[in-house]
Amino acid sequence: MASIHLDQIGHSYGTAVYALEKTDMHFEDGKTYALLGPSGCGKTTMLNIISGLLTPSDGRVLLGGTDVTRTRTAERNIAQVFQFPVVYQSKTVFENLAFPLHCRGWDRSRIATRVAEIADLLGLTSRLSQSARRLTADEKQLISLGRGLVRNDVAALLMDEPLTVIDPHMKFDLRRRIKQANDQTRHTVVYVTHDQNEAMTFADEVLVMSAGRVVQRGTPQQLFEAPRNLYVGNFIGSPGMNFVRAERLDGDLRLDGVPLVGADRCRGIAPDAEIVLGIRPEHIAFAQGEELGVPASIVSAQDHGSLLVVDVAVGSDRLRMKVRRDVSFPAGQARLRVSSDQVRLYVDGVLVN
Ligand SMILES: Nc1ncnc2c1ncn2[C@@H]1O[C@H](COP(=O)(O)OP(=O)(O)OP(=O)(O)O)[C@@H](O)[C@H]1O
């Protein structure tokens, strides 16, 4: 395994607009990273620069400290898994999984042991002697994944939306299995996805991208708890963070007249700055009994499985809150309890506290 360093990397596909703006990015040896963002934000461009499928317009790629910017993909000692299965149709499942190990000159018994481990992990043991041609698209993609995971001596494992063709029912289980495999091998993994669930459950660190830039990188918890700007707050979470303008009175920040955040958290913020409160739907509840709460009216409720997402109006603002199905709440007017310590403050769209 190796660290990956993108040293002042940038890329343009021949136009004035950079698909990947100049950036310096370090991926630690043995950690799992997700590149997360909407279509066209530059995830695949970054991945292809790491794999060598693309030569960057600017900067250098270092694998384990060695400059590989001009080194061909085949010589970078990396494993890749793509969106669609790449299998040798004429070979059996066993032969497919064994292929990368044969190429490295492993002996037969070592290959058999390692292939058995990976097949077990991916639930392919009973299929090992079958021809790959007969498998479903799901199963073929499992083989591609298996081939990516089977070598534990690669510098890095690069995956580009590898679960796209996988049946949604299997995705959860498969994510768990890939994670489990990786916890054993401690590959350096860079995983491209536009699915935040995939990114947040799979990666040690997530890089949220927008328009050719990494706008925030952090652990799933950091991205959830302290989004650096409104874009990340919106993008992470389902539904995303609520943003409402705060009223500033006697130093406190209020929502519809109710104090939410104390003056101590506004220290250093210009007195005339417009402060926006970022509140996660998970951090709003209905106030109980005599408890002081923010007055609100219920607009609608949507079913999200075991939870309801309730749309509420507070003055002229709309907020969404997540409520357990078994919590009863009033049909019209309500009062909201907001977890003050979880409220984030933004000025000019950027997190300040
Ligand atoms: N070969 C190419 N030639 C010209 N422009 C390209 C090429 N490949 C990508 N682009 C452009 O570069 C930008 C970034 O594309 P990229 O594929 O890296 O984004 P992405 O986040 O991976 O998107 P997706 O999830 O849709 O694959 C987009 O505007 C895209 O249109």
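Residues numbered from 1 in each chain as written. Predicted model: local features only at pLDDT ≥ 70, side-chain atom pairs only at ≥ 80, totals over all residues. Heavy atoms only, no water.

In the annotation of an unreviewed UniProt entry, the protein is listed under the name Glycerol transport system ATP-binding protein and assigned to Ensifer adhaerens.

Trainee: How do you make sense of the nonpolar core when you look at a structure like this?
Mentor: If you look at soluble globular proteins, the nonpolar side chains tend to sit buried side by side. Within the largest apolar cluster, 34 residues are counted, with the highest numbers of intra-cluster contacts made by Ile-143, Leu-145, Met-159, Leu-174 and Ile-178. Looking at this core, the elements with two or more residues in it are strand S6 (78-81), helix H2 (93-103), helix H3 (108-122), helix H4 (137-150), strand S7 (156-160), helix H5 (168-185) and strand S8 (189-193). Ranked by residues supplied to this core, first place goes to H3 with 6 residues. For Met-159, the contacting residues outside a window of four places in its chain are Leu-47, Val-81, Leu-145, Ile-178, Val-189, Val-190, Tyr-191, Val-192 and Phe-202. Listed in part, the 31 residues of the second largest apolar core include Leu-253, Ala-296, Leu-336 and Leu-345. (Core = buried A, V, L, I, M, F, W, Y, C linked by side-chain atoms within 4.5 Å. Buried < 20%, exposed > 50% of the residue type's maximum accessible area, 1.4 Å probe, protein only. Helix = DSSP H or I, 4+ residues; strand = E, 2+ residues; numbered from the N terminus. Contact = heavy atoms within 4.5 Å.)

Trainee: Quick question: what am I supposed to make of the site of the ligand here?
Mentor: Taken together, Tyr-13, Ala-19, Pro-38, Ser-39, Gly-40, Cys-41, Gly-42, Lys-43, Thr-44 and Thr-45 form the complete shell of residues around the ligand. In this structure, an oxygen atom belonging to the ligand sits 2.5 Å away from a side-chain N or O atom of Ser-39. Here an oxygen atom of the ligand sits 2.7 Å away from a polar atom, N or O, in the side chain of Thr-44. The class makeup of the residues in the shell around the ligand is 4 nonpolar, 5 polar and 1 charged. (Near = heavy atom within 4 Å. Polar contact = N/O pair within 3.5 Å; in protein donor to acceptor, adjacent residues only side chain to side chain. Nonpolar A, V, L, I, M, F, W, Y, C, P; charged D, E, K, R; others polar.)

Trainee: Help me out: how do you make sense of the packing of H2 against H4 in this one?
Mentor: Helix-helix packing is described using two parameters, namely the angle between the two axes and the distance between the axes. The interhelical angle for the contact between H2 and H4, taken along N-to-C directions, is 30°, at an axis separation of 8 Å. It follows that H2 is roughly parallel to H4 by the angle criterion. In this structure, H2 meets H4 at a crossing whose hand is right-handed. On H4, the residues touching Val-93, Asn-96, Leu-97, Pro-100 and Leu-101 of H2 are Ile-143, Gly-146, Arg-147 and Val-150. (Axes fitted to C-alpha atoms, helices over the stretch in contact; angles between N-to-C directions. Parallel < 35°, antiparallel > 145°, perpendicular 65-115°, else oblique. Left-handed = near helix turned anticlockwise from the far one by under 90°.)

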